[in-house]
Amino acid sequence: MPWTEHLAGNKYKLVARDPSKVNRPKKSIVVEIPAEIARSQTKTERWLTLELAKWTDTVESGLIPSKGKDSKFTFRNFVPKWKKGYADQNMGGYTVKNTMAIVDGRLMETFGDIRMDKITTLHLVTYFAELTNQKTDAPLATNTKLNIYKAAKSIFDAAADWGVLSHNPMDGVKRPGQSKKERKQIRSRKKHYSWAEVEQLLIALYKLPINWRLYFTGCMLGGFRRGELLAVEWKDVSHERQAIWIDKQITLDEDGNTIVGEVKTESSEGWVGMPAWYMEELKRLERIWRKEKLQCRKWKGADKQYLFHGGNGLPYYPTTPTLTWRRFLKKHELPHVKLHGLRHTAGMLLRESGSDLKTIQERLRHAKLDMSAEYTHESDIINREVVDKLEGLNPKNIKIAPSIAP
């Protein structure tokens, strides 16, 4: 059982046992309580409890460097510990893959053979200031630089939390920001469709097979993330509630294989009310779906009943909707908006209908109204007023423009 020992002043020794060690299983580290916390006995006890828990996890995970010439981790030696102890536990498989590509392709070249405790804030600040495109040597895009920053911060944060470092050198490294030019370029990109464009788009979607038409329409009206709607099964569709239940998503593991994962955040889980005409279209899709399943000779979906699949019951590969959407827009010469932009379009439709920001946030199942304001998401409550505003987008009631008439 771990314990703490008061040394002097605000200094304490944290002690935990390494279950893998027969000889000398006790491992300790000295910590100093911040002055602002030490003033309160309650805060002191909470702080010590948290630090002791972190130290116990570090010891039991085998992350304590042995004494001697190998007593300190190099960046190269610590990364596998970080991947196993943090990344694999807290990141999605595909995110781990992308992050490791950044670590191996960028950070390892500069920091790989340097001891973790010898990497300074100035070293990191200089590194980020000198980052360039590896092929053209041109200045690196802020977005790319930000991804490198996030990877480095995650590694050094873990090293500090686990007691490998007494000071986190990333604390003094400023998060990369966008230049005026980049901000202007981002503002100029089309992020969502207007109400008039949505009406025309809904009609144009009738040129697609019913499954793709309802997938893209669902993303646009329900504000679903790409993988969320891919993971919906028929048991998640409630005609009584006139809604779709969201509690999982189709994503990728580290090897690029399709898997069923948890939704992005806890608040992402819940019922999403849909217009009556859309639910009627789903009934039609279900009839077609069940007929096609009976006729399928090699059904691979087992007992799964994904609404949107490639013909054999297996859910679409996560990037397939993105590619299909891009081709659809190009073929019909429609304004280009990213697939995720349909989620932003859902917010626009509500905003144009007079919904307040909190209603929009709840509809899109965001955890926060902004970076500082939080709210409680009631997953069993369906805002019918919001859904009623979308009823008017029934394609049958929209005047068809000659250029896109089916």
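Numbers given for residues are sequential positions, taken from 1 along each chain in its written order. Local features are withheld for residues below a pLDDT of 70 in this predicted model, meaning they are given only at 70 or higher, and side-chain atom pairs are given and counted only at 80 or more; totals for whole chains, interfaces and linings count all residues. Calculation of side-chain values draws on the structure's entire complement of heavy atoms; hydrogens and water are dropped beforehand.

A. Broad picture of the overall build of the protein chain. Assigned secondary structure in the protein chain consists of 15 helices and 8 strands. With a 1.4 Å probe rolled over the protein chains alone, any residue whose accessible area is under 20% of its type maximum counts as buried; one over 50% counts as exposed, and the rest are partly exposed. The 406 residues of the protein chain split such that 42% are buried. Any two residues whose heavy atoms approach within 4.5 Å are treated as being in contact. Intrachain contacts of the protein chain at a sequence separation of at least 6 include 62% that bridge at least 24 residues. Every accessible area reported is derived by Shrake-Rupley at a probe size of 1.4 Å, with residue values counting cover from the shown protein chains alone. Looking at the protein chain as shown, the accessible area adds up to about 23,300 Å², and 49% of this sits on carbon and sulfur atoms. Secondary structure elements follow DSSP: runs of H or I no shorter than four residues count as helices, runs of E no shorter than two count as strands, and numbering proceeds from the N terminus.

B. Region of the structure containing the sheet that holds strand β4 (residues 237-238). Ordered in space as β4-β5-β8, the 3 strands form an open sheet in which the pairing is antiparallel. The open sheet is flanked by β4 and β8 (270-273), the only strands paired with a single partner. Pairing between two strands requires that DSSP report at least two bridges joining them.

C. How the structure looks around the confidence of the model for the protein chain. Every residue gets a pLDDT, meaning the predictor's confidence in that residue, from 0 to 100. Here the protein chain averages 85 in pLDDT, while 89% of its residues score no lower than 70. Under a pLDDT of 50 for its full length, residues 370-381 has, in the predicted model, 22 contacts with residues more than four places off or in other chains. For residues 400-406, every residue scores under 50 in pLDDT, and the model assigns this stretch 12 contacts once sequence neighbours within four places are set aside.

D. The arrangement of the pattern of salt bridges in detail. The salt bridge criterion pairs a side-chain nitrogen of Lys or Arg with a carboxyl oxygen of Asp or Glu, the two atoms within 4 Å. Across all of its chains, the model carries 17 salt bridges by this definition. With a shortest N-O distance of 3.4 Å, Asp236 and Lys235 are connected by a salt bridge. For Asp236, a relative accessible area of 4% translates into the label buried. Salt bridges here are not isolated pairs; linked through shared partners, they connect Lys235, Asp236, Asp247 and Lys248.

E. Here's a closer look at helix α5 (residues 121-129). Looking at α5, one finds that the buried residues are Leu124, Tyr127 and Phe128. Take α5 and look down its axis: the buried residues cluster within an arc of 90 degrees, on one side only. Turned more than 90 degrees away from the buried face of α5 sit Leu122 and Ala129, all of them exposed. The elements touched by buried residues of α5 are α4 (93-111) and α6 (142-161). To obtain the arc, one takes the directions from the helix axis to the C-beta atoms.

F. Structural context of the packing of α4 against α6. Taken N-terminus to C-terminus, the directions of α4 and α6 make an angle of 95 degrees; their axes are 10 Å apart at the nearest point. Classified by the interaxial angle, the pair formed by α4 and α6 is roughly perpendicular. Two secondary-structure elements touch here, α4 through Thr99, Ile102, Val103, Arg106 and Leu107 and α6 through Asn147, Ile148, Ala151, Ala152 and Ile155. All residues other than Ala, Val, Leu, Ile, Met, Phe, Trp, Tyr, Cys, Pro, Asp, Glu, Lys and Arg, Gly among them, are scored as polar; the first ten of these are nonpolar and the last four charged. Class assignment of the residues belonging to the contact of α4 with α6 gives a composition of 7 nonpolar, 2 polar and 1 charged. Axis geometry follows a simple rule: fit a line to the C-alpha atoms, using only the stretch in contact for helices, then measure angles between N-to-C directions, giving values from 0 to 180 degrees. Orientation categories follow fixed angle ranges, with anything under 35 degrees roughly parallel, anything over 145 roughly antiparallel, 65 to 115 roughly perpendicular, and all other angles oblique.

G. A look at the packing of aromatic side chains. For Phe, Tyr and Trp, rings pair up if their centres lie within 6.5 Å, where Trp contributes its six-membered ring, and each pair is then called stacked (planes under 30 degrees apart), edge-to-face (over 60) or tilted (otherwise). Under the criterion given, the structure shown has 18 aromatic pairs. Ring geometry for Phe75 and Phe156: centres 6.0 Å apart, planes at 35 degrees, overall tilted. In this pair, Phe75 sits in helix α3 (residues 75-90) while Phe156 sits in helix α6, placing the two residues 81 residues apart along the sequence. Like Phe75, the residue Phe156 is buried in the burial classification. Measuring from centroid to centroid gives 6.3 Å for Trp277 and Tyr278, while their planes differ by 80 degrees, and the two rings are edge-to-face. Accessibility classification places Trp277 together with Tyr278 in one group, the buried group. Here the aromatic residues Trp212, Tyr215, Phe216, Phe308, Tyr316, Trp325 and Phe328 are joined through ring pairs into a cluster of three or more. The ring of Tyr206 has Arg213 sitting right over it, with the charged end atom 4.0 Å from the ring centre. Think of it as a cone above the ring: NZ of Lys or CZ of Arg counts as a charge over the ring if it is within 6 Å of the ring centre and within 35 degrees of the ring normal.

H. Broad picture of the pairing of strand β2 (residues 11-17). When strand β1 (residues 3-8) meets β2, the two strands line up antiparallel, connected through 5 bridges. What sits directly across from Ala8, in β2, is Lys11. Linking two consecutive strands that pair antiparallel, namely β1 and β2, is a turn of 2 residues; a positive phi of about 55 degrees is found at Gly9 within it. Inspection of the sheet shows β2 paired to strand β3 (residues 26-32) by 7 bridges, in the antiparallel sense. Bridging from a neighbouring strand, Lys11 pairs with Glu32 of β3.

I. Layout of the packing of helix α9 (residues 210-222) against helix α12 (residues 320-331). Two elements in contact, α9 and α12, have axes separated by 12 Å at closest approach and are oriented at 95 degrees. By the criterion of interaxial angle, the relationship of α9 to α12 is roughly perpendicular. Side by side, α9 and α12 meet where Trp212, Tyr215 and Phe216 of the first sit next to Thr320, Pro321, Thr324 and Trp325 of the second. Partitioning the contact of α9 with α12 into residue classes produces 5 nonpolar, 2 polar and no charged.

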